[in-house]
Amino acid sequence: MNTRLLHRSFRIMNSYINRGLRRPGKLSTKFSIKELKEEQDLKIKYLGAKEDELVSFVKFYLKNSTKSISSRFNNQLFSGHNKAALVGDLLAAVTNTTMATFEASPVGTLLEEELVDSINRIIGFTNKGNKGEGIMTTGGSQANMLALICARNNSIKECKNKGVYGESLVGFVSEDCHYSFAKMFNIIGIGSENLLKVKTDSNGQMDTLDLEKKIQTSVTHGKKPFFIGATAGTTVYGAFDPIDKVSKIAEKYNIYLHVDGAWGGPVIFSQKHFDLIKGIEKVDSFSMDAHKLLGVPLTATFFLVKKSGTLLSNFSEDNSEYLFHQDSNENINLGPKSIQCGRRVDALKVWFSWKAKGYSGLEQIVDKNINTMQCIVNYIKSVPELEIIKNPMYLNVCFRIKSNSNIPTQNSDLLKVRGRLIENNDFYINYSKDKNGLLFFRLIVLNLNTKLKEYYLLIDKILKYSRELVNTKNDTIIAT
Ligand SMILES: *Cc1c(COP(=O)(O)O)cnc(C)c1O
């Protein structure tokens, strides 16, 4: 039965992929737990299920998935479908081994090294006399945690063995940084209150004057600054903190500097837009997701550090001889550099994708999308009822209906319009909130399969549905 199950399931998945781009079915289906449970029996039973039931589950699952494969899926920081990466991912699943040792995953280890070395060369972590190093992680959140641990252990010499023991460390990020920093301050025992948020300016970039002021104030209060986290591509606005300027401050006060490039990191591949991360070669560590803009299946992230030996000195453990035998491959085992034991061969899907596209293909992803973003921004600016929230530096287009237009602008109106877009299968698009609690649309431009005219149509639909709300509101007034 298992062989046939595999064949039948593959056939169904294959047709999902073929239809996916233009006719994916509902972009999103039921949000109701009750309805989902009624449609398919999700309970595990004492006796195993028959092949037909399992095949019907495959169909159920595909039908009820959000269709990130579609060219109209712009809800999150990932979208689309990368066939080469999928082959790599399937290879990893079919061969099922771990990245812990070279012996267990010889080619996988070489692939991960090749990827890490490539990035390090591009960002200047590798240059005369310095090699740089890196490891793949389960995501940008974990990468941020690794950076924090390196910074913490750097600041408290005996920390690895003795812990934080009453040192009052403080770290700095911008107020628009990813929430994982606050989470990780808790997880690594420093406490989220010791993460200080630096103001951002009108572009959403970290205000370096405020950063320096906050560092000085914290020192006056007896705190020990140990970490600055700059962001290359903030999650909501896509802003890039001024890395060059921040690095001068980090150097002046001798503070570890990490750049979170989970979202915006891929600009390293673009000659035209590399300036967004100017100064990257001066920082201590850098992270970049391959599963966001670069479109490989979740999850695949790189954590890069400039100083060789950092990973081993922070993450290795002496009592793991059962796994890491002392043999001729000892130095190439990636396990001791990682916080994971069993680790999937994520390098395969990334390597496959990059090998297929080449650097030129990666550059195109960045350049073409930024170009498209600029066209969309111009289109929005040409509509008198719409306003852009912050001038985008990257691929996040944040906009809303102007408050002085005669179209409704309440938060509940925006949610209704978004609901209609999804219900009618027009577009799957997200929203966010500004400092005053006002919602705005947040369109992520990242799918090369999405045509410019589809984006224009989205804007038109938003206007249309918003205007229709005026009419329903008037109707209600008359009715009551
Ligand atoms: C998405 C994101 C993260 C988290 O990355 P995951 O891979 O989802 O864990 C971190 N930082 C920024 C700026 C992000 O946009």
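Every value quoted in this text rests on a predicted model; they were computed, and no experiment measured them.

Calculation criteria
- Residues numbered from 1 in each chain as written.
- Predicted model: local features only at pLDDT ≥ 70, side-chain atom pairs only at ≥ 80, totals over all residues.
- Heavy atoms only, no water.
- Patch = residues over 30% accessible without salt bridge, like charges linked within 9 Å, V, L, I, M, F, W, Y side chains within 5 Å.
- Areas by Shrake-Rupley, 256 points an atom, 1.4 Å probe, with all protein chains shown as cover.
- Salt bridge = Lys/Arg side-chain N within 4 Å of Asp/Glu carboxyl O.
- Helix = DSSP H or I, 4+ residues; strand = E, 2+ residues; numbered from the N terminus.
- Buried < 20%, exposed > 50% of the residue type's maximum accessible area, 1.4 Å probe, protein only.
- Contact = heavy atoms within 4.5 Å.
- 1 Å grid on protein atoms, 1.4 Å probe; cavity = no way out; pocket = protein on both sides within 12 Å on 5 of 7 lines; lining within 4 Å.
- Points joined across faces, edges and corners; volume = space filled by probe spheres on them.
- Nonpolar A, V, L, I, M, F, W, Y, C, P; charged D, E, K, R; others polar.
- Domains from an automatic or database assignment.
- Core = buried A, V, L, I, M, F, W, Y, C linked by side-chain atoms within 4.5 Å.

1. Regarding a nonpolar patch on the surface
Judged by side-chain polarity, Leu6, Phe10, Met13 and Leu90 come together as a nonpolar surface patch covering roughly 350 Å² of accessible area. Sort the elements by how many residues they give to the nonpolar patch and helix 1 (residues 2-20) lands first, with 3 residues. Classification of Leu6 as partly exposed rests on a relative accessible area of 47%.

2. Observations concerning the side chain of Thr234
In this fold, Thr234 is placed in the loop between strand 5 (224-231) and helix 10 (243-253). Residues in contact with Thr234, not counting those within four places in the same chain, are Asp176, Gly204, Ala239, Trp263 and Asn396.

3. Focus: empty space enclosed by the protein
Scanning the model with the defined rule gives 1 cavity of 30 Å³ or more in all. In this structure, the largest cavity spans a volume of roughly 100 Å³. For the lining of the largest cavity, the elements supplying multiple residues, two or more each, are strand 10 (396-401), helix 13 (411-423), strand 12 (439-444) and helix 14 (452-479). The residue inventory of the lining of the largest cavity, partitioned by class, reads 7 nonpolar, 3 polar and 2 charged.

4. Brief notes about the domain arrangement of the protein
In terms of domains, the protein is made up of domain 1 (2-67), domain 2 (91-355) and domain 3 (360-479). Relative placement of domain 1 and domain 2: their C-alpha centres are 37 Å apart.

5. Let's talk about unusual backbone geometry
The linkage connecting Leu298 with the following residue, Thr299, adopts the cis geometry, with an omega of -10°. With respect to the helices and strands, Thr299 occurs in the loop between strand 7 (285-289) and strand 8 (301-305). Of note, the phi angle at Asn96 is positive, near 40°, even though the residue is not glycine. Within the secondary structure, Asn96 sits in the loop between helix 4 (83-95) and helix 5 (106-122). Under the relative-accessibility criterion, Asn96 is labelled exposed at 63%. You will see that Tyr165, though not glycine, has its phi angle at about 25°, which is positive. Within the secondary structure, Tyr165 is located in the loop between helix 7 (159-162) and strand 3 (169-174).

6. Structural notes on the nonpolar core
Ranked by size, the top nonpolar core spans 113 residues in total, and within it Phe286, Phe302, Phe303, Trp354, Val397 and Phe399 carry the most contacts. Looking at which domains feed residues into this core, each of domain 2 (91-355) and domain 3 (360-479) supplies at least three. Among the nonpolar cores identified, the runner-up in size contains 7 residues, and Leu5, Ile12, Val55 and Val58 belong to it.

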